[in-house]
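Structural characterization, general
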Amino acid sequence: MRGKFISLEGGEGSGKTTAINFIQEWLESHDIPYLMTREPGGTPLAEEIRQLVLASRDEKVNDTTELLLVFAARAQHLAEKIQPALDKGIWVISDRFLDSSYVYQGKARGGDVSVIDQLSAWVVGDNKPDATLLLDISVQQGQQRVAQRKQQDRLDNESIAFHEKVREGFLERARVDSDRIKVIDASLTLNEVKAQIESQLMALNHAWAGEAE
Ligand SMILES: Nc1ncnc2c1ncn2[C@@H]1O[C@H](COP(=O)(O)OP(=O)(O)OP(=O)(O)O)[C@@H](O)[C@H]1O
Ligand SMILES: [Mg+2]
């Protein structure tokens, strides 16, 4: 039985890492085999590409370069880590995946969405997540939550307008792909956020158990 593939999406400070820690506890308590991973990255080569993408540098990073780098990392991640795990019945939980490309390289950077569609068809094909949990929070609240963090990366240092486009981009994607992308109100207390996530996990686990019969 194929594992379930879940991605977490949302802007900086929306609570993706916090949600993943909760999902890990939940999967353990339900004896479900799982693998935690992240994008860009997830394999040694893809993590090297991540460093290239996120490093602060004097040289201007060309938008096409950034787009191709994240898809190069994704091709490696899917082939060498995600697919083999799903094939073995392991659930895969990824901190960011395909939707971040549409939102960061597309909506926020103004990249050509039809190009991203082509890269998605080529690199990801039908291997989209079974469910994507979109942690939605206002830019201001997200920034407040990460304010205490010491090291900022290249994307954290973008303008407020950039982060507003990121939020709107994610919500637009959720509107057009509402079966897959579940919007979680991340402005609420941790317990309330966990409850929303748990109900999505229960639905996925129910579907998974049904597939075994
Ligand atoms: N529901 C919540 N209520 C209050 N604080 C929260 C909540 N969820 C997360 N936080 C806190 O907000 C901060 C950012 O959360 P987290 O690191 O999970 O976000 P993230 O989406 O992973 O951010 P990044 O994009 O930078 O990786 C952390 O200090 C975390 O403890
Ligand atoms: Mg995080």
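That block above? That's the structure.
Analysis parameters
Residues numbered from 1 in each chain as written. Chains lettered and ligands numbered in written order. Predicted model: local features only at pLDDT ≥ 70, side-chain atom pairs only at ≥ 80, totals over all residues. Heavy atoms only, no water. Pairing = 2+ DSSP bridges. Helix = DSSP H or I, 4+ residues; strand = E, 2+ residues; numbered from the N terminus. Axes fitted to C-alpha atoms, helices over the stretch in contact; angles between N-to-C directions. Contact = heavy atoms within 4.5 Å. Buried < 20%, exposed > 50% of the residue type's maximum accessible area, 1.4 Å probe, protein only. Arc of directions from axis to C-beta. Near = heavy atom within 4 Å. Polar contact = N/O pair within 3.5 Å; in protein donor to acceptor, adjacent residues only side chain to side chain. Areas by Shrake-Rupley, 256 points an atom, 1.4 Å probe, with all protein chains shown as cover. 1 Å grid on protein atoms, 1.4 Å probe; cavity = no way out; pocket = protein on both sides within 12 Å on 5 of 7 lines; lining within 4 Å. Sits in = over half its atoms within 2 Å of the grid points. Points joined across faces, edges and corners; volume = space filled by probe spheres on them. Nonpolar A, V, L, I, M, F, W, Y, C, P; charged D, E, K, R; others polar. Core = buried A, V, L, I, M, F, W, Y, C linked by side-chain atoms within 4.5 Å.

1. A closer look at the sheet that holds strand E1 (residues 5–9)
Strand order in the open sheet made by the 5 strands is E2-E3-E1-E4-E5, with parallel pairing throughout. On the outer flanks of this sheet lie strand E2 (34–38) and strand E5 (181–185), each paired with one strand and no other. Within this sheet the neighbouring strands show an average axis-to-axis angle of 20°, counted without direction. Here E2 pairs with strand E3 (residues 91–95) via 5 bridges, running parallel. The residue bridging tyrosine 34 from the neighbouring strand is tryptophan 91, located in E3. Running over the sheet, helix H8 (residues 190–212) touches E1, E3, strand E4 (131–136) and E5 and is turned about 155° from E5.

2. Focus on helix H2 (residues 44–54)
All of the buried residues in H2 are Ala46, Ile49, Arg50, Val53 and Leu54. In a view along the axis of H2, the buried residues occupy a sector of 125°, so they form one face of it. Across H2 from its buried face, at more than 90 degrees, point the exposed residues Pro44, Glu48 and Gln51. Packing partners of the buried residues in H2 comprise E2 and helix H3 (63–87).

3. Considerations on the site of ligand 1
Every one of the 14 residues lining ligand 1 counts as a neighbour, but Gly15, Lys16, Thr17, Thr18 and Arg149 are closest to it. In the environment of ligand 1, an oxygen atom lies 2.5 Å from a nitrogen or oxygen atom belonging to the side chain of threonine 18. Contacts to ligand 1 include leucine 190, whose backbone N or O atom sits 3.4 Å from a nitrogen atom. Taking 630 Å² as the accessible area of ligand 1 by itself, protein coverage stands at 69%. Mapping ligand 1 onto the cavity grids shows that it belongs to the largest pocket.

4. Concerning empty space enclosed by the protein
Tallying each qualifying case throughout the model produces 1 cavity of 30 Å³ or more. Volume-wise, the largest cavity comes out at about 140 Å³. Taken together, 16 residues line the largest cavity, and the ones lying closest to its centre are Gly11, Glu12, Ile137, Val139 and His163. Those elements that place two or more of their residues in the lining of the largest cavity are E4, helix H6 (139–146) and helix H7 (160–176). Grouping the constituent residues of the lining of the largest cavity by class yields 6 nonpolar, 7 polar and 3 charged.

5. Observations concerning the nonpolar core
Ranked by size, the top nonpolar core spans 22 residues in total, and within it Ile6, Leu8, Ile23, Leu135 and Ile197 carry the most contacts. Of all the elements in the fold, those that place two or more residues in this core are E1, helix H1 (16–29), E3, E4 and H8. Broken down by element, the residue count for this core peaks at 6 residues, all from H1. Look past the residues within four positions of leucine 8 in its chain and what remains in contact with it is Lys16, Ala19, Ile20, Ile23, Ile93, Ser94, Asp95, Arg96, Leu133 and Leu135.

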